[in-house]
Amino acid sequence: MKLCQTLRNADRFRTVFDFGGREVAHWFPGHMAKGLKQMKANLKNVDCILEIHDARISFKTSHSELGFYFDLNKPHLLVLNKMDLADLSNKQKILKKLENDGVRNVLFTDCLKQRDDNVKKLVPLVMELIKTGDRFNREENRDYCLMVIGVPNVGKSSLINALRRTNVKKGRASRVGGEPGITKAVLTKIQVSERPLMYLLDTPGVLPPKIESVETGMKLALCGTILDHLVGEDVIADYLLFSLNRLGKFGYVEKYDLQEPSDDIQYVLKRIAVKLRKTQRVKAITGVGNITVTIPNYTAAAYNFIRAFRKGELGQVLLD
Ligand SMILES: Nc1nc2c(ncn2[C@@H]2O[C@H](COP(=O)(O)OP(=O)(O)OP(=O)(O)O)[C@@H](O)[C@H]2O)c(=O)[nH]1
């Protein structure tokens, strides 16, 4: 039954996405190199690195291409955040793949949840890693210091806030934003636990310098890592449709009152625009005078489609 569906889908939907000669280099601003340099310079002041990734792009992409890998001697914990948005039905496979890549310490988190049990596990887990490793020049320090690194908008500030909610019980420490690049202050030191006394160096979101494929760049864009306008909302929306169809996630059909799944982004955006009344009235000149016609606002529809995905309204996915 599943095989039949797969074969039917293979007939109906694109199996490869046409990136139209796009180049990733244009999407990544140069200031990120500065951020990376500052992080590297501060590594000697930390006991453990928290590398935070989006659980929807959790393994293939992140560790063949996105790993920061800059100090393999430091204890390292990979936090896969936004687990509420990820399809984790095959979690064991993800963990196995990561293990094959040499990543053994992994924690899935949902930082928006008021009390996430996994967030609670973070400090004890980090302590275990630090205790079994070598603190080098930090042996004398009574307090512990972590560095949180990750691409923009992945939830670094939210993780810090969740840690503080759990372990320090004081209000918000880090500003949380919906647009990539909101963590502007470089390397702010924030307390995240009282016992043991633990601080965390928050860093600005940076992309690793080497992103090999345009497809990885597009997945990052889809998850809100790169400012939409740098990539283009129309192409992000099309890649989203391509991905949903490929994964058999057809929640958009019911949400936007479509008759059936479609691979045609113009058609889907038109239906979304009609459903959400995102239409524009424009003047058209005809042979018999000016008339006003109503046309779909494709940009507004694409915006809504992408936002719905990012909020999890189109279902949980694993983009790798
Ligand atoms: N669904 C879901 N959304 C999350 C989670 N964690 C963070 N977010 C949302 O993701 C967006 C970015 O979160 P931030 O904490 O500002 O991310 P950041 O990595 O500090 O962002 P930069 O400052 O751009 O580097 C916000 O809209 C958060 O509400 C999560 O676990 N689940």
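Residues numbered from 1 in each chain as written. Predicted model: local features only at pLDDT ≥ 70, side-chain atom pairs only at ≥ 80, totals over all residues. Heavy atoms only, no water.

Colleague: What am I meant to see in the overall build of the protein chain here?
Modeller: Counting its secondary structure elements, the protein chain contains twelve helices and eight strands. The 320 residues of the protein chain split such that 51% are buried. Within the protein chain, counting contacts between residues at least 6 apart in sequence, those at least 24 apart form 71% of the total. (Helix = DSSP H or I, 4+ residues; strand = E, 2+ residues; numbered from the N terminus. Buried < 20%, exposed > 50% of the residue type's maximum accessible area, 1.4 Å probe, protein only. Contact = heavy atoms within 4.5 Å.)

Colleague: Can you walk me through the packing of aromatic side chains in this structure?
Modeller: For any pair of aromatic rings, the description consists of the separation of the ring centres together with the inter-plane angle of the planes. Applying the stated rule across the entire model yields eight aromatic pairs. Residues phenylalanine 19 and tyrosine 239 carry aromatic rings whose centres are separated by 5.9 Å and whose planes lie at 40° to one another, so their mutual orientation is tilted. Here phenylalanine 19 is found in the loop between helix H1 (2–12) and helix H2 (31–42), whereas its partner tyrosine 239 is found in helix H9 (residues 233–247), with 220 residues between them in sequence. Of the two residues, phenylalanine 19 and tyrosine 239, both sit in the buried class. Ring geometry for tyrosine 239 versus phenylalanine 242: centroids 5.8 Å apart, planes at 35°, classification tilted. Taken together, the residues span about one helical turn, with tyrosine 239 and phenylalanine 242 both in helix H9 at a distance of three residues. For the pair formed by tyrosine 239 and phenylalanine 242, the shared burial category is buried. Site record: aromatic cluster; members linked through ring pairs are Phe17, Phe19, Tyr239 and Phe242. A cation sits over an aromatic face here: arginine 307 above tyrosine 303, 3.9 Å from the ring centre. (Phe/Tyr/Trp six-rings, centres within 6.5 Å; stacked < 30°, edge-to-face > 60°. Lys NZ or Arg CZ within 6 Å of the ring centre and 35° of its normal.)

Colleague: Quick question: what am I supposed to make of the sheet that holds strand E6 (residues 198–202) here?
Modeller: Within a beta sheet, neighbouring strands are joined by backbone hydrogen bonds and run either parallel or antiparallel to one another. Here six strands make up an open sheet; going across it, the order is E3-E2-E1-E4-E6-E5 and the pairing mixed. Edge strands, defined here as strands with exactly one partner in the open sheet, are strand E3 (106–108) and strand E5 (188–193). Each adjacent strand pair in this sheet contributes to an overall mean axis angle of 30°, direction not counted. Inspection of the sheet shows strand E1 (residues 48–54) paired to strand E2 (residues 76–81) by six bridges, in the parallel sense. From the neighbouring strand, histidine 53 faces E2, where its bridge partner is leucine 80. The sheet contacts of helix H5 (residues 117–132) involve E1, E2, E3, strand E4 (144–150), E5 and E6, and relative to E2 the element is tilted by about 165°. In the packing of helix H6 (residues 156–167) onto the sheet, the strands contacted are E1, E2, E4, E5 and E6, and the crossing angle to E5 comes to about 40°. (Pairing = 2+ DSSP bridges. Axes fitted to C-alpha atoms, helices over the stretch in contact; angles between N-to-C directions.)

Colleague: Help me understand the pairing of E2 in this model?
Modeller: Regular strands show a simple pattern: their side chains alternate between the two faces of the sheet. Of all six residues that make up E2, five are buried, and the element is covered over most of its length. Judged from the three bridges that link them, E2 and E3 form a sheet pairing that is parallel. Along E3, the bridge assignment pairs leucine 78 with valine 106. Following the chain from E2 across helix H4 (residues 91–100) to the adjacent parallel E3, one finds a crossover that is right-handed. (Right-handed = clockwise from strand over helix to strand, strands pointing away.)

Colleague: It is not clear to me how the pattern of salt bridges should be interpreted in this structure. Could you clarify?
Modeller: Pairs can form between side chains of opposite charge once their charged atoms are near each other. In the structure shown here, the tally under the stated rule is 15 salt bridges. The salt bridge partner of aspartate 117 is lysine 120, with a shortest N-O separation of 3.8 Å. Of this pair, aspartate 117 and lysine 120 both sit in helix H5, separated by three residues, roughly a single helical turn. When its relative accessible area of 48% is taken as the criterion, aspartate 117 is described as partly exposed. Taking the shortest distance from any N to any O, the salt bridge between glutamate 313 and lysine 311 comes out at 3.6 Å. Using a relative accessible area of 40% as the deciding quantity, one classes glutamate 313 as partly exposed. (Salt bridge = Lys/Arg side-chain N within 4 Å of Asp/Glu carboxyl O.)

Colleague: What's the story with the environment of leucine 95 in this structure? I'm lost.
Modeller: In this fold, leucine 95 is placed in helix H4. Along the sequence, leucine 95 and glutamate 23 sit 72 residues apart, while their C-alpha atoms lie 31 Å from each other. In this structure, leucine 95 is in contact with Val106 and Phe108, ignoring residues within four places of it in sequence.

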